[in-house]
Amino acid sequence: MPANARAGDRQWDWHTPAQRRLRLFGTLATTVFLAWAWTHISSRTTWGFVRDAGVQLQDMGLRMFPPEGSYLSALSRPLVDTLHIATLGTVLGVLIAIPLAFLAARTTTPSERVLRPLALLALVTSRSVNSIIWALILVVLVGPGLLAGILAIALRSVGFVGKLVYEAIEEAPELPVTALRTTGAGRAQSLAFGLVPNVLPVMAGVSVYRWEINIREATILGIVGAGGLGMALQSSIDSLAWSRVSVILGVILGTVVVAEWVSARVRKGLA
Amino acid sequence: MPTEAARAWRPPPRIANASARRGLWIVATAYAVFALFTVDVDAARIAEGAARAADFFGGWLRPDFFTRWSDIRMGLVESLAMTVVATAAGFVLAIPFGLGASRNLAPAPVYAGCRGALAVFRAFHEVLVAILFVAMFGFGAFAGVMTLVVATIGFLGKLLAEAVEEIDPAPLEALTAAGAPWASRIAFGVLPQVMPRILGLTLYRLDINFRESAIIGLVGAGGIGATLITAFARYEFESVSAILMLIISMLFVAELLSGRLRRRLL
């Protein structure tokens, strides 16, 4: 409740004076920062090209239509590759993420001093580097193609899946584990029967959700040479075959929509 | 006849429906076989890459911040400016889209239009949008800003609509009953209920936009990504390593700051 109301002068006010000062300062700082950022962008923009954008869009539209329908058959292989990159990458990522999650969770980690910070660092690093940058690195290491894409998706998924699973492990009730321990079950046994059943739905749900994100990401990894639809897209753009670009964009849109639908269905079934 | 061994306890199957369980195994096995035959891995190329890996990780361990420092600094500042402008513009534009996409506020045609627009904004990966915008607006930061604005509208608009659909309808009803005009109903009946959550999500999006600004540069949309791809193209792995370390540490600091700010807002 605002505190600045006096008897006889009962005007309702949303904020206290201290809040008002803080908000004024925040607004000013944000405005100055925004103004600086905008002038920076503006000074590095060739406005002639921006004014021209409508013409460019029209031009691009004309080149894209009609789409070259016969190119569709050539896309089946890149499409299968894209699905492989997303699916195998997710499977590999989850396989790496689950042990890391057990090391990172405060309730299950074998050593709080050494292994837990290391596992957390691995998860943060994995999450901070975008899959397309992982792909850029891996294309140098294992050569262009499917494998680089699969590994890139896996490396990026580890952080995402690992973080959500370790949080689920920490939030899971400890009572079943304790109960099993008191009956004489070993450490592994008590985790397998007291903890895993509680976090398994989260693991499955998070994996399916990551798979959906990975489908979207796998469609573009080819731009840096990691196989799939992105590779076809890059070569079509390089050869200015815009009527093929529109076909590829259509296939990408269809794939993403279907993947989203599948993922939503499966997660609904899991819940 | 049940023997003693058959009566031993077994954990119940995780998927209760037996045909669903079997179906899942069949699909998984079929896919594994299919993948085994269609994924080809070039062992010779990997062996060749292993030699390069030493080179690469050698560079990784010797980050070089200085040789390309002016380029790296320019890229980072540009990424920062892009992130700030795009998040602010995206936030402002997401509000009408989000309100329009709320079933409890908007009439059916507006609802369908806004939902459709938000779905399209979210369907394509930022890199694909960036390719299109670079062709439209020319190389550089402006195309990047436009890309991030579109992605931000798609993200915040959808979440705003979901938040608005879950609000407590009582304040809104009271305002309507008192005869408040539409703008006042939104300003006093809807926004106070959703703003804390949306501001938190905007901070989160600030974080995402900075991350994304590092990759849309790969296709010519400015920012630190442009510097990164140039360093890659020249095999200057020491600079690549320095850039990635700077990105990771800036994101780490941003995560700490936004976490603190979010706690104060909520």
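Not measured: the values here are computed from a predicted model.

Helices and strands together make up the secondary structure of chain B, namely ten helices and zero strands. Ordered by position from N to C terminus, the α and β elements of chain B give α-α-α-α-α-α-α-α-α-α. A compact globule built from 266 residues would reach a C-alpha radius of gyration of about 18 Å, whereas chain B, at 26 Å, exceeds it by more than 25%. Dimensions of chain B along its principal axes, counting C-alpha atoms only, are 80 × 75 × 35 Å. Taken over 266 residues, chain B has a buried fraction of 38%. If you take every contact in chain B between residues at least 6 apart in sequence, the share linking residues at least 24 apart comes to 72%.

At the junction of the two partners, chain A supplies 43 residues and chain B supplies 40 residues. Partitioned by chemical class, the residues of the side of chain A that touches chain B number 29 nonpolar, eleven polar and three charged.

Take the packing of helix H3 (residues 69-100) of chain B against helix H6 (residues 141-165) of chain B next. All names here are of chain B. Their axes nearest at 6 Å, the elements H3 and H6 cross at an angle of 40°. One way to sum up the angle between H3 and H6 is to call them oblique. The hand of the H3/H6 crossing is right-handed.

Right, let's get into the packing of helix H7 (residues 146-171) of chain A against helix H10 (residues 196-221) of chain A. Residues and elements named next belong to chain A. Direction vectors running N to C along H7 and H10 enclose 150°, while the axes themselves pass 9 Å from each other. When the axis of H7 is compared with that of H10, the two are roughly antiparallel. Every pair of crossing elements has a handedness; the one defined by H7 and H10 is right-handed. The residues of H10 that touch H7, namely those facing Gly-149, Ala-152, Ile-153, Ser-157, Phe-160, Val-161, Leu-164, Val-165, Ala-168 and Ile-169, are Val-199, Val-202, Met-203, Val-206, Ser-207, Arg-210, Asn-214, Glu-217, Ala-218 and Leu-221. Considered class by class, the residues forming the contact of H7 with H10 number 14 nonpolar, four polar and two charged.

So, on to helix H2 (residues 43-61) of chain B. Across its 19 residues, H2(B) extends 26 Å between first and last C-alpha, which sits within 8% of the 27 Å expected from 1.5 Å per residue. Taking the largest bend as the criterion, H2(B) deviates by roughly 30°, centred on Ala51(B).

On to the nonpolar core. Formed by 136 residues in total, the largest nonpolar core has its most connected members in Ala135(A) and Val165(A). Beyond its immediate sequence surroundings of up to four residues, Ala135(A) is in contact with Ala148(A), Gly149(A), Ala152(A), Leu221(A), Val224(A) and Ala226(A).

As a further point, take the environment of Gly222(A). All names here are of chain A. Take Gly-222: it is sitting in the loop between H10 and helix H11 (229-238). Separated by 172 residues in sequence, Gly-222 and Val-50 have C-alpha atoms that sit 28 Å apart. Residues within four places of Gly-222 in sequence aside, it is in contact with Gly-227, Gly-228, Leu-229, Gly-230, Met-231, Ala-232, Leu-233 and Gln-234.

Attention shifts here to unusual backbone geometry. Negative phi is the rule for most residues except glycine; trans is the rule for most peptide bonds. The residue after Phe65(A), namely Pro66(A), is reached through a cis peptide bond having omega -5°. Along the chain, Pro66(A) falls in the loop between helix H3 (53-64) and helix H4 (76-104). The backbone of Leu240(A) shows a phi angle near 55°, a positive value even though the residue is not glycine. Relative to the elements of secondary structure, Leu240(A) occurs in the loop between H11 and helix H12 (242-270). Of note, Tyr235(B) is a non-glycine position whose phi angle comes to about 60°, a positive value. Within the secondary structure, Tyr235(B) is located in the loop between helix H9 (224-233) and helix H10 (237-265).

Here we come to the environment of Val149(B). Residues and elements named next belong to chain B. By the secondary structure assignment, Val-149 is in helix H6. Given 25 C-beta atoms within a 10 Å radius, Val-149 is considered buried. Sequence separation of Val-149 and Ala-51 is 98 residues, and the distance between their C-alpha atoms is 42 Å. Setting aside chain neighbours within four positions, we find Val-149 in contact with Ala-86, Ala-89, Gly-90 and Leu-93.

Another aspect to go through is the environment of Phe124(B). All names here are of chain B. As for its position among the elements, Phe-124 is in the loop between helix H4 (108-123) and helix H5 (126-137). Phe-124 sits in the buried class, given 23 other C-beta atoms within 10 Å. Sequence separation between Phe-124 and Ala-141 is 17 residues; the distance between their C-alpha atoms is 20 Å.

Here is what the cut-offs are and how they apply
Residues numbered from 1 in each chain as written. Chains lettered and ligands numbered in written order. Predicted model: local features only at pLDDT ≥ 70, side-chain atom pairs only at ≥ 80, totals over all residues. Helix = DSSP H or I, 4+ residues; strand = E, 2+ residues; numbered from the N terminus. Rg over C-alpha atoms; globule rule 2.2 N^0.38 Å. Buried ≥ 20, exposed ≤ 12 C-beta atoms within 10 Å, placed from the backbone. Contact = placed C-beta atoms within 7 Å. Nonpolar A, V, L, I, M, F, W, Y, C, P; charged D, E, K, R; others polar. Axes fitted to C-alpha atoms, helices over the stretch in contact; angles between N-to-C directions. Parallel < 35°, antiparallel > 145°, perpendicular 65-115°, else oblique. Left-handed = near helix turned anticlockwise from the far one by under 90°. Expected span 1.5 Å × (residues − 1). Bend = angle between axes of the 7 residues up to and from the residue. Core = buried A, V, L, I, M, F, W, Y, C linked by C-beta atoms within 7 Å.

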